[in-house]
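Structure assessment
Listed below are the residues making up each chain.
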Amino acid sequence: MVNRSLLYGDNDAATLKDIAQSLFTVEFALFATAYWFFYLVVAAAVSAIAVIKFKVDYTNLEISQLRREIFLTLEGYTTNAVCYFIIIQFISSWRYEFTDVKDVAISYIGNSLVFCVWFYFSHRLWHSNRFLYRYVHSHHHESVIVCPLTSLSNAWIESVWVSTGYVIGPYFFGFSNIWGWYMVTLSIIFEAIIGHSRIPYSLEHATHHAVYNKNMGFFSYRMGRISIDKLLNTWSYKSEVPRMRKLYRREVMSYVWNDNEHKVNWDMLGKDVDCDENIKCDKPALVSDSDERDSSDSSLSSCSDCNGLAQNKGAPSCQEPMEKIICNPRQ
C-alpha cells in the first residue's frame, strides 16, 4: 500500500497487515497507557480546580449518568487511541524535527484549523440527520448536565469519525510535523475536558447540551468573533438560553463571559441563589431520563411546545409531556 501527501509525494508505508499486527505490540500498549495517563491527569486536575477554585457542585449528577459515562469513555477513548496509533503509521510523510519551531507551529496551527472545520461540519451533520444523530452522536447527549467525565463519553463510531479529521491535515496539506500533530491531539483532549467542566467560559459548550442546535464548534469561545459558530450563526451565549438558568443557575449567575467582558463574581460562587421570587435553592434538581429528551427551554411543559420550538431535526422528539426542571427548596 502506498500513501501520498500532496506536498511531499509518495513513500512506502506500512501495509494493512502490518498496522493490524502493530496493535498487539508493546509499542501500542505503551502508547495507549501514555494516552490514558494524560486523560486521567488532566481530568483530575480540571475537576479539582473546578471544585476548589470555582466551587462547582458536581453532586447534582445521577449515579446512572456517571456509570454510563465511564463505560462510554472506556469505549470511545480507547477507540481514539487505536485510531491515533494507526494514523501515525498510515501517514508516510511525517517530519520529526522538533527543533524546527516554525515547522512545528505551522503543523499545529494548520491541523488545528483543519480539525475545527472538520468537527464543526461533522457535528452539524450529526444534529441535522436523525439517523446519524441516533447511531453516532446521541450517546454523548444523554448527559444534559455535564462534568469532565462527559467530555469523551461517546460511542466508538463517533471516535472513528472524529479521528478521521486528524488525517486530513498531514495527508492532504502537508501539516505533517509529528510534534505539531501531537500537540493538536493533546490540546483537543484538554479543551474537551475544560469544555465540560463548568468553569468560566466553558459553559458555552454546556449550552450546546441544553439546546442542541447551538455552539457546535471546537475552540469557539476562544476564537471570539471569528469562530465558525458566529460566522455561520449557530452561536449562543448561556445568558440567551433560559434552560441554562435552570440547569446551571449558580454558574450562570457567577460568570460574565462574552465578547466585551470577562469576569467572575467570586462572592456568588458556592452561595445559595434565588430560583424564583419565593424559592431558594441549594443546587439544581437531578435531571431524569425524561428531561434529557428536551432540546429546548426546560420550562416547556407540553409535547407541542417542544416540537414547535426545538429547531433541530436530529434531536429526539417529545413523546409525552415534560416535567419542569426546578430547584430543590432549601429545607
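Scroll up for the structure.
Below you will find a few notes about this structure. Note that the structure is predicted; figures quoted are calculated from it, not measured.

1. Section: the overall build of the chain
For the chain, the count of helices and strands is 13 helices and seven strands. Going through the 331 residues of the chain one by one, you find that 51% of them count as buried. Of all intrachain contacts in the chain linking residues separated by at least 6 positions in sequence, the fraction that spans at least 24 positions is 73%. Summing over all exposed atoms, the chain offers an accessible surface of approximately 16000 Å²; the carbon and sulfur share of this is 63%.

2. As for the packing of aromatic side chains
This structure, assessed with the given rule, holds 27 aromatic pairs. The ring of Phe 54 has Lys 53 lying over it, and the distance from NZ or CZ to the ring centre is 5.8 Å.

3. Let's talk about the pattern of salt bridges
For the structure shown, the criterion picks out two salt bridges. For Arg 68, the salt bridge is made with Glu 142, and the minimal N-O distance between the two is 3.3 Å. Taken together, the residues span a long stretch of sequence, with Arg 68 in helix α3 (residues 63–90) and Glu 142 in the loop between α5 (130–137) and α6 (156–172) at a distance of 74 residues. Given the relative accessible area of 16%, Arg 68 is considered buried. Residues Arg 95 and Asp 103 are paired through a salt bridge, measuring 2.8 Å at the closest nitrogen-oxygen approach. Accessibility classification places Arg 95 together with Asp 103 in one group, the buried group.

4. So, unusual backbone geometry
Unlike most non-glycine residues, Arg 198 shows phi in positive territory, near 75°. When you line up the elements, Arg 198 lands in the loop between α7 (178–195) and α8 (203–210). In this structure, Asn 233 is a non-glycine residue whose phi angle is positive, near 65°. With respect to the helices, strands and loops of the structure, Asn 233 is situated in the loop between α10 (228–231) and α11 (242–247). The class of Asn 233 is exposed, set by a relative accessible area of 63%.

5. Digging into the side chain of Ser 153
Position of Ser 153 relative to the elements: it lies in the loop between α5 and α6. A polar side-chain atom of Ser 153 sits 2.8 Å from the main-chain carbonyl oxygen of Thr 150. Once you skip the residues sitting within four places of it in the chain, Ser 153 turns out to touch Glu 69, Leu 72, Thr 73, His 139 and His 140.

6. As for the environment of Pro 170
Looking at the secondary structure, you find Pro 170 in helix α6. Residues Pro 170 and Gly 110, spaced 60 residues apart in sequence, show a C-alpha to C-alpha distance of 9.0 Å.

7. Comments concerning the packing of helix α4 (residues 101–128) against α6
The N-to-C vectors of α4 and α6 enclose an angle of 145°; their axes lie 8 Å apart at closest approach. Every pair of crossing elements has a handedness; the one defined by α4 and α6 is right-handed. Seen from α4, the contacting residues are Asn 111, Val 114, Phe 115, Trp 118, Phe 119, Ser 122, Leu 125 and Trp 126; seen from α6, they are Glu 158, Trp 161, Val 162, Thr 164, Gly 165, Tyr 166, Ile 168, Gly 169 and Pro 170. In terms of residue class, the contact of α4 with α6 is made up of 11 nonpolar, five polar and one charged.

8. Side note on the packing of α3 against α6
Where α3 contacts α6, the axes come no closer than 9 Å and their chain directions differ by 25°. With respect to α6, the element α3 is oriented roughly parallel. Judged by the twist between their axes, the crossing of α3 over α6 is right-handed. Residues Glu 75, Gly 76, Thr 79, Asn 80, Cys 83, Tyr 84, Ile 87 and Phe 90 of α3 lie in contact with α6, whose contacting residues are Trp 156, Ser 159, Val 160, Ser 163, Tyr 166, Val 167 and Tyr 171. Along the lines of polarity and charge, the residues of the contact of α3 with α6 split into nine nonpolar, five polar and one charged.

9. Observations regarding the environment of Ile 168
For Ile 168, the position within the fold is in helix α6. When the C-alpha atoms of Ile 168 and Phe 115 are compared, they prove to be 8.1 Å apart, with 53 residues separating the residues in sequence.

10. So, empty space enclosed by the protein
Over the atoms, a rolling probe the size of a water molecule traces out where space has been left empty. With the rule as written, the count across this model stands at five cavities of 30 Å³ or more. As a volume, the largest cavity reaches approximately 340 Å³. As for the largest cavity, its lining consists of 26 residues, and the residues nearest its centre are Phe 119, Ser 151, Leu 152, Ala 192 and Phe 218. Considering every element that reaches the lining of the largest cavity, the biggest residue donor is α7, with five residues. Among the residues forming the lining of the largest cavity, the class breakdown is 13 nonpolar, 11 polar and two charged.

11. A few points about the nonpolar core
In terms of nonpolar packing, the biggest core is built from 61 residues, with Tyr 39, Tyr 84, Ile 87, Tyr 166, Phe 218, Met 244 and Tyr 248 touching the most fellow members. When residues of this core are traced back to their parent elements, those giving at least two are α2 (26–52), α3, α4, α5, α6, α7, α8 and α11.

12. Digging into α7
Spanning 18 residues, α7 covers 25 Å between terminal C-alpha atoms, matching the ideal 26 Å at 1.5 Å per step. Burial of α7 is extensive: 13 of the 18 residues sit out of reach of the surface. By the N-cap criterion, in which a side-chain oxygen at the helix start approaches the backbone nitrogen of a residue two or three places on, α7 is capped by Asn 177, the distance to Trp 179 being 3.0 Å.

Conventions adopted
Residues numbered from 1 in each chain as written. Predicted model: local features only at pLDDT ≥ 70, side-chain atom pairs only at ≥ 80, totals over all residues. Heavy atoms only, no water. Helix = DSSP H or I, 4+ residues; strand = E, 2+ residues; numbered from the N terminus. Buried < 20%, exposed > 50% of the residue type's maximum accessible area, 1.4 Å probe, protein only. Contact = heavy atoms within 4.5 Å. Areas by Shrake-Rupley, 256 points an atom, 1.4 Å probe, with all protein chains shown as cover. Phe/Tyr/Trp six-rings, centres within 6.5 Å; stacked < 30°, edge-to-face > 60°. Lys NZ or Arg CZ within 6 Å of the ring centre and 35° of its normal. Salt bridge = Lys/Arg side-chain N within 4 Å of Asp/Glu carboxyl O. Polar contact = N/O pair within 3.5 Å; in protein donor to acceptor, adjacent residues only side chain to side chain. Axes fitted to C-alpha atoms, helices over the stretch in contact; angles between N-to-C directions. Left-handed = near helix turned anticlockwise from the far one by under 90°. Nonpolar A, V, L, I, M, F, W, Y, C, P; charged D, E, K, R; others polar. Parallel < 35°, antiparallel > 145°, perpendicular 65-115°, else oblique. 1 Å grid on protein atoms, 1.4 Å probe; cavity = no way out; pocket = protein on both sides within 12 Å on 5 of 7 lines; lining within 4 Å. Points joined across faces, edges and corners; volume = space filled by probe spheres on them. Core = buried A, V, L, I, M, F, W, Y, C linked by side-chain atoms within 4.5 Å. Expected span 1.5 Å × (residues − 1).

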